[in-house]
Amino acid sequence: MFGCCFLSGFTFHLHLFPEEERRLRANDRAFNLTWPYAKNAIKTSKYNLFSFLPLNLFEQFSRLANAYFLFLLLLQLIPQISAVPWFTTAVPLLIVLSVSGVKDANDDINRHKQDKQVNNRQVKVLIHRELRDEIWMNIQVGDIIKLKSNQFVPADLLLLSSSEPLNLIYVETAELDGETNLKVKQALTVTGEMGDNVDNLSAFKGEVRCEPPNNRLDKFKGTLTVDGQQHGLDNDKILLRGCTVRNTEWCFGLVIFAGSDTKLMQNSGRTTFKRTNIDQLMNILVLCIFGFLATICAIMTVGHAVWEVNEGSAFTAFLPRQPGVDIPLSSFYAFWSYVIVLNTVVPISLYVSVEMIRLGNSFFIDWDRKMYYPKKDTPAQARTTTLNEELGQIKYIFSDKTGTLTQNIMTFNKCSINGRNYGELCDISGQRIEITKVKVDFSWNQLADPKFIFHDFNLMETMKKGIPEAQAFFRLLALCHTVMPEEKKEGKLNYQAQSPDEGALVTAARNFGFVFRSRTPETITVMEMGKKVTYELLAVLDFNNVRKRMSVIVRDPEGRMTLYCKGADTIIYERLHPSCSKLKDVTTTHLNEYAGDGLRTLALAYKHLEESYMERWLERHHEASMAIEGREDKLDILYEDIETDLMLLGATAVEDKLQDGVPHTIEQLAKADIKIWVLTGDKQETAENIGYSCNMLRDEMKDIFVVNANTANEVKEELQKARRKMCPGSVEKLKVIKARAGLFWLQKIQTVPDERVDEEYGLIINGHSLAYALQEDLELELLRTACMCKTVICCRVTPLQKAQVVELVKKYKQAITLAIGDGANDVSMIKAAHIGVGISGQEGMQAVLSSDFSFAQFRYLQRLLLVHGRWSYIRMCKFLQYFFYKNFSYTLVHFWYGFFCGFSAQMFLDTFYWTAINQFFLWGSIAAYFAITFTLFSNGLFFMFTSSFPFIGTARNSLKQPNVWLTILLTCLLCVLPTVAYRFLCMQLRPTITDKARKEGQPAPAPYRPPPRRVSTRRSSYAFSHSQGYGDLVTSRKFMRMKRRQTLFGRKVSPLVKNQPQRYRTITEETEESQT
């Protein structure tokens, strides 16, 4: 009893205070239930069956107009005041509430369906020593679950074991970060030994202590205690909810975080109700109309009192006053009576009419064929119907990079081997020409990747001649990497790479005859032009962010030892042998050209090693590897010692393909004075290259500022230095304009005015510096400097920082913002912006589910904003102008009528009968039109009632007469001509900006020219590596399963490839048809 009381009090205590440490035990639900951990069910819906009616009515009556008409309805129930039946207000109000309620209910039903679909997914859970099928919502913290290939991870798991060697597992994180390249996770050895043995897994009683739930996708700290021994846990051993298991037969995991505690849900951000400026304006207009109505009613009340004093006594003979009603009380009644009579000045149908127009605009977006992507069968979708007109007022766009601007597909584009450039097609004079559809044929290679495309036949000719430098070039690409090969079917290779660019380089070597086939911790097997060669792997000098290079040391079958190295060109050049100076100059020219085309580049080099030197070096390497203190520093010294006097081989150029039309879209949005900020998790070099590829960064810019500081003071100094250079006359301390806005002017706003800059500038800031810049004392300095720049790129930012940047602009610029992304790491940014756009496709659906609009390609954003946004805004403005004009015109008639009826609050017509007559003539005229038309053209009625319809076919005969058509034409001309003449005179005398642009016409399209070259010193393709490589993993002393391999070629002697002419056409030979 005491224990139960203590447990209840302890649980209550945990609810009051935030969780500081998570503690759980495997296979012990009783222990884990003592802690108030979240269940795995998720809920995104707002209502249930019982709460819908009260909550929805509360939300609807929060609208000022609805609350007003409810108050008006109550007034109409008082006989002394109302001269209008109560149902004249009750019926329209009920219709308004019903339409809005049905729409809200339909939206929430869809949320319930999505929640039910996710919560009812099946998964294998280990319960009472057996695997049972359970739905996701029943999973609890501490459960052990089994996953298979292509299954979604239902919660945040600690990986225990897997079917792969070394307890590896491959996961796709497209739902989290939009990247489709597979990530590798590895379980602890102590848990991996359990394998898939259910008895061992059921007996597992490990205890986990780790950090509380948080939104850091790339960080995890904790310990696992098994049999009294502690083992460290990091992010490489955690499977996050939203990931997908790939190329792994099975794996087991222990649930650490469930439901709302998972990192995916923690990054989802807070869902806020988004209102447009039109909504806020309508609320203010309605409030002003209330004041206008009160003023008019007060005037009529005064008039009523004056009239009663001066003229009322003359009418008491046939209109006697009610007993006890004197002039002041009569005036009081008159005031409220006029509130009822003049109620039409406040539009009860305004909100419903606006919603109907927005719904129609949403259909136009859904039906737009120019925003339909046929490759994925994905149309554009307006997921909300309340923000359409806001699309026409966008000032800032915040965009993700990977999967949004780019396709996240890396391709081997060009290379430089021994001073010769490959990958470009040139004419006889050496000028670059357009690449045609002709491509190199790799059908001679049975293990070639059929998706690989290369256009330059000269490289294949070089390989066919057996030039040693070219073979060494691709041998290096086949050996120097940490790629994991997979071959489930003979000859069908699949590479699992830590970064997509590394996979592209290995694939290029594969297609040109150097096929990376398999690896063990001690060996690497390569098929070199059909010959199987096994290299002994002596050491892997792994990549990290400081080294910016990677090396491997191998021994070939002849016993020669060679170091192969690839990395950033500036890093490799510092370690080259002096004899490579001429080759370095030529290669640098090629690297500059590649960087000018927006390609990511690497330099390749090698070095032959002597046996005696290598023996001493390996001994020192072994000692450094075993060191407890200073291990990393000692290894770095060894790496620096051996990576000297390298011989340059050449360079590679990898392209992260942009989506179609991205540069043109960004150019058009910039012309519309829309600023685009890129917020990406990639490194600085990658983001900068993509900025040039998208024409966001240009050589014509006056300067591009890079903020890469380690302290708050350094960040402040760099931001101030950039601001002073852009605007020397700017004040040091900017005055923030404070004002009030919103309904009843209760909202406090702060505005930072724009500062004029004459030239164009760019700003690049990394996540570490951004964390300091977003602090309260530096955020204004960041905002001022960033808003002066034409382009802003934020690198290595977290999902939370993305949302903070958006909130900063919203807070101080009072401008409409739009965020566009494709992964779960963009969800918080999408929810923070006024309008969120999700890119649907191969990168996952998390961003789409949280967005307001979605489509498949970034280029459709131009049409969404500049076409649908503009049209929706114009339609809404014209409708509101007409709507208020109509209401005021109708209401003021009653105002003027009051001067003729003694201010008695009488209506000049009966509203009920007027409404009935109005509806009768509206629907009756439509019915009569169809009935008469049907009668005139119905032969059946003519045969039935021949005597009653003697003029059958009269309409046909009339339309055959020329004078009838002449009469119709003259009538149309007389009706249309005044309007046409008026508009023509307006265009000539008072032309608008649109009229001027239309009169000037569009410039002729420019002929095709090759993209201009630019020089860049930031060219490392390792920009895609977000963490340290897998060198320790691939060299770990653990047995890996091996399969027998067949040779590369089906026969001993095979011709490589036949000579094929390069078919091309020069730029000047383009036909007029192709230009149009």
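About the criteria used
- Numbering of residues begins from 1 in every chain and follows the order in which that chain's sequence is written.
- Totals for whole chains, interfaces and linings use every residue, but because this is a predicted model, local features are given only for residues with pLDDT of at least 70 and side-chain atom pairs only at 80 or more, for both listing and counting.
- Where side-chain values are given, they derive from all heavy atoms of the structure, hydrogens and water being excluded.
- Helix and strand labels come from DSSP, where a helix needs a run of H or I of at least four residues and a strand needs a run of E of at least two; each type is numbered from the N terminus.
- Per-residue accessibility, obtained with a 1.4 Å probe over protein chains only, is compared with the maximum for each type, and a residue is labelled buried under 20%, exposed over 50%, and partly exposed between these values.
- A contact between two residues is defined here by any heavy atoms of the two lying within 4.5 Å.
- Per-residue accessibility takes into account occlusion by the displayed protein chains alone, with areas from the Shrake-Rupley method and a 1.4 Å probe.
- Any carboxyl oxygen of Asp or Glu within 4 Å of a side-chain nitrogen of Lys or Arg constitutes a salt bridge here.
- UniProt positions are given in the numbering used here, feature names are shortened, and annotations may be inferred rather than shown by experiment.
- At least two bridges found by DSSP between two strands are what make those strands a pair.
- Every axis in this analysis is a line fitted to C-alpha atoms, fitted for helices over the stretch in contact. Angles between the N-to-C directions lie between 0 and 180 degrees.
- What is meant by a nonpolar core is a set of buried Ala, Val, Leu, Ile, Met, Phe, Trp, Tyr and Cys residues, joined one to another through side-chain atoms within 4.5 Å.
- Throughout, the term roughly parallel applies to angles under 35 degrees, roughly antiparallel to angles over 145, roughly perpendicular to angles from 65 to 115, and oblique to all others.
- In this scheme the handedness of a crossing depends on how the near helix is turned from the far one: anticlockwise by less than a right angle means left-handed, clockwise means right-handed.
- Each residue receives one of three labels: charged for Asp, Glu, Lys and Arg, nonpolar for Ala, Val, Leu, Ile, Met, Phe, Trp, Tyr, Cys and Pro, and polar for the others, Gly being one of them.
- The predictor's confidence in any single residue is recorded as pLDDT, a number from 0 to 100.
- In this analysis, rings of Phe, Tyr and Trp, with Trp reduced to its six-membered ring, are considered paired at centre separations within 6.5 Å, and the interplanar angle assigns stacked below 30 degrees, edge-to-face beyond 60, and tilted for intermediate values.
- By the criterion adopted, a ring carries a charge over it if an Arg CZ or a Lys NZ lies within 6 Å of its centre and within 35 degrees of its normal.
- Residues adjacent in sequence count toward polar contacts only when both atoms are side-chain atoms; beyond that, a polar contact is any pair of N or O atoms within 3.5 Å, and within protein one must be able to donate a hydrogen and the other to accept it.

Peer 1: When you look at the overall build of the chain in this model, what are you seeing that I'm missing?
Peer 2: Looking only at helices and strands, the chain has 35 helices and 35 strands in total. Classification of the 1076 residues of the chain by burial places 49% in the buried group. Expressed as a percentage of contacts within the chain between residues at least 6 apart in sequence, the contacts between residues at least 24 apart total 73%. Total accessible area computed for the chain in this model is approximately 54,600 Å², and 58% of it derives from carbon and sulfur atoms.

Peer 1: Help me understand the pattern of salt bridges in this model?
Peer 2: Where charged atoms of side chains with opposite charge meet at close range, the side chains can pair. Considering all chains together, one arrives at 39 salt bridges under this definition. Close ionic contact of E667 with K671 constitutes a salt bridge, the shortest N to O distance being 4.0 Å. Here E667 and its partner K671 are both found in helix α20 (residues 662–671), 4 residues apart, which amounts to about one turn of the helix. With relative accessibility at 61%, the residue K671 sits in the exposed group. Linking E755 and R784 is a salt bridge whose minimum nitrogen-to-oxygen distance equals 2.8 Å. You can see E755 sitting in the loop between β30 (747–751) and β31 (761–766) and its partner R784 sitting in helix α24 (residues 779–788), a full 29 residues away along the chain. Where salt bridges share partners, they join E21, R23, R25, D28, E207 and R209 into one cluster.

Peer 1: What exactly am I supposed to notice about the UniProt feature "transmembrane region" (unreviewed entry) in the chain here?
Peer 2: Within this numbering scheme, the UniProt entry marks residues 84–102, 284–307, 327–352, 888–908, 920–943 and 964–985 as carrying the feature "transmembrane region" (unreviewed entry). Each end of residues 284–307 is marked by a C-alpha atom, and these two atoms are 34 Å apart; helix forms 100% of the span and strand 0%. Along residues 888–908 one finds 52% helix and 0% strand; the C-alpha atoms at either end are 16 Å apart.

Peer 1: Help me out: how do you make sense of the sheet that holds strand β21 (residues 523–528) in this one?
Peer 2: The strands that make up a sheet are held in pairs by hydrogen bonds between backbone atoms, and each pair lies either parallel or antiparallel. Within the open sheet, the 9 strands sit side by side as β17-β16-β26-β25-β24-β23-β22-β21-β20. Their pairing is antiparallel. Every other strand in the sheet has two partners, leaving β17 (420–422) and β20 (514–519) as the edge strands with one partner each. Adjacent strand axes in the sheet meet at a mean angle of 30 degrees, parallel and antiparallel pairs treated alike. In terms of strand pairing, strand β23 (residues 549–555) meets strand β24 (residues 561–567) through 7 bridges, oriented antiparallel. Of the residues in β24, the one forming a bridge with I553 is L563. Here helix α19 (residues 631–642) sits on the sheet and contacts β22 (531–541), β23, β24 and β25 (600–609); the angle it forms with β22, its principal contact strand, is near 130 degrees.

Peer 1: Just checking my understanding: could you explain the nonpolar core for this structure?
Peer 2: Across soluble globular proteins, nonpolar side chains show a tendency to be buried alongside one another. Counting 55 residues, the largest nonpolar core has F442, F474 and F512 as its most contacted members. No other element matches the 8 residues that helix α14 (residues 468–479) contributes to this core. Not counting residues within four places of it along the chain, the set of residues in contact with F442 comprises A448, F452, F454, M460, N511 and F512. L24, I42, L126 and C243 belong to the second-largest nonpolar core, a separate cluster that totals 50 residues.

Peer 1: I would appreciate a short explanation of the packing of α20 against helix α28 (residues 860–898) in the present structure.
Peer 2: For any two helices packed against each other, the geometry comes down to the angle between their axes and how far apart the axes lie. Where α20 meets α28, the closest approach of the two axes is 9 Å, and the angle between their N-to-C directions is 25 degrees. Between α20 and α28, the angle falls in the class roughly parallel. The crossing of α20 and α28 is left-handed. Seen from α20, the contacting residues are H664, T665, Q668 and L669; seen from α28, they are L861, Q862, L865 and L866. For the contact of α20 with α28, the residue count by class is 4 nonpolar, 4 polar and no charged.

Peer 1: Whenever I open this one, the confidence of the model for the chain confuses me. Can you help?
Peer 2: Atom-level detail of predicted coordinates should not be read off regions where pLDDT is low. For the chain, mean pLDDT is 80; residues scoring 70 or higher make up 82% of the total. Here residues 1002–1015 is a poorly scored stretch, pLDDT under 50, and it has 27 contacts once near neighbours within four places are set aside; other chains count.

Peer 1: I'm lost on the packing of aromatic side chains in this one. Help?
Peer 2: Both the distance between ring centres and the angle between the ring planes are used here to describe each pair of aromatic rings. Per the counting criterion, the structure on display carries 31 aromatic pairs. Relative to F899, the ring of F895 lies with its centre 5.6 Å away and its plane at 85 degrees, an arrangement referred to as edge-to-face. Taken together, a centroid distance of 5.1 Å and an interplanar angle of 70 degrees make the contact between F899 and F903 edge-to-face. On the basis of relative accessible area, F899 is assigned to the partly exposed category, the value being 42%. Residue classification places F903 among the buried positions, given a relative accessible area of 11%. Cluster of aromatic residues (ring-pair linked, three or more members): F412, F442, F452, F454, F473, F474 and F512. Taking the ring centre of Y495 as reference, the NZ or CZ of R510 above it sits at 5.5 Å. When the ring centre of Y573 is taken as reference, the NZ or CZ atom of K584 above it lies at 5.7 Å.

Peer 1: What should I look at first to understand the side chain of T520 in this one?
Peer 2: Tracing the sequence through the fold places T520 in the loop between β20 and β21. Assessed through its relative accessible area of 12%, T520 is described here as buried.

Peer 1: Even after reading the chapter, I still don't get unusual backbone geometry, so can you show me in this structure?
Peer 2: Trans is the prevailing form of peptide bonds, just as negative phi is the prevailing case for residues other than glycine. Positive phi outside glycine occurs at M529, with the angle close to 50 degrees. By the element assignment, M529 lies in the loop between β21 and β22. Given the relative accessible area of 25%, M529 is considered partly exposed. At D645, a residue that is not glycine, the phi angle is positive and equals roughly 55 degrees. Structurally, D645 can be placed in the loop between α19 and β26 (647–658). Residue classification places D645 among the partly exposed residues on the basis of a relative accessible area of 40%.

Peer 1: Help me understand the packing of helix α3 (residues 52–61) against helix α5 (residues 87–119), please; the structure alone is not making it clear to me.
Peer 2: Look at α3 against α5: their axes get within 11 Å of each other, and the N-to-C directions meet at 120 degrees. Relative to α5, the element α3 is oriented oblique. Our pair here, α3 against α5, has a crossing hand that is right-handed. Residues F52, N56, L57, Q60 and F61 of α3 pack against V96, L97, S100, G101, D104 and A105 of α5. Partitioning the contact of α3 with α5 into residue classes produces 6 nonpolar, 4 polar and 1 charged.

Peer 1: What should I look at first to understand the environment of K584 in this one?
Peer 2: If you trace the backbone, K584 turns up in helix α17 (residues 581–596). Classification of K584 by relative accessible area gives partly exposed; the value is 27%. Expressed as a C-alpha distance, the spacing of K584 and N418, which sit 166 residues apart in the sequence, is 9.4 Å. Leaving out residues up to four positions away in the same chain, K584 has contacts with Y573, L576 and L648.

Peer 1: Got a minute to help me understand the side chain of S202 in this structure?
Peer 2: With respect to the helices, strands and loops of the structure, S202 is situated in helix α8 (residues 198–202). A polar atom in the side chain of S202 sits 2.8 Å from the backbone oxygen of V198. Excluding its chain neighbours within four sequence positions, the residues that come into contact with S202 are N27, L126 and R129.

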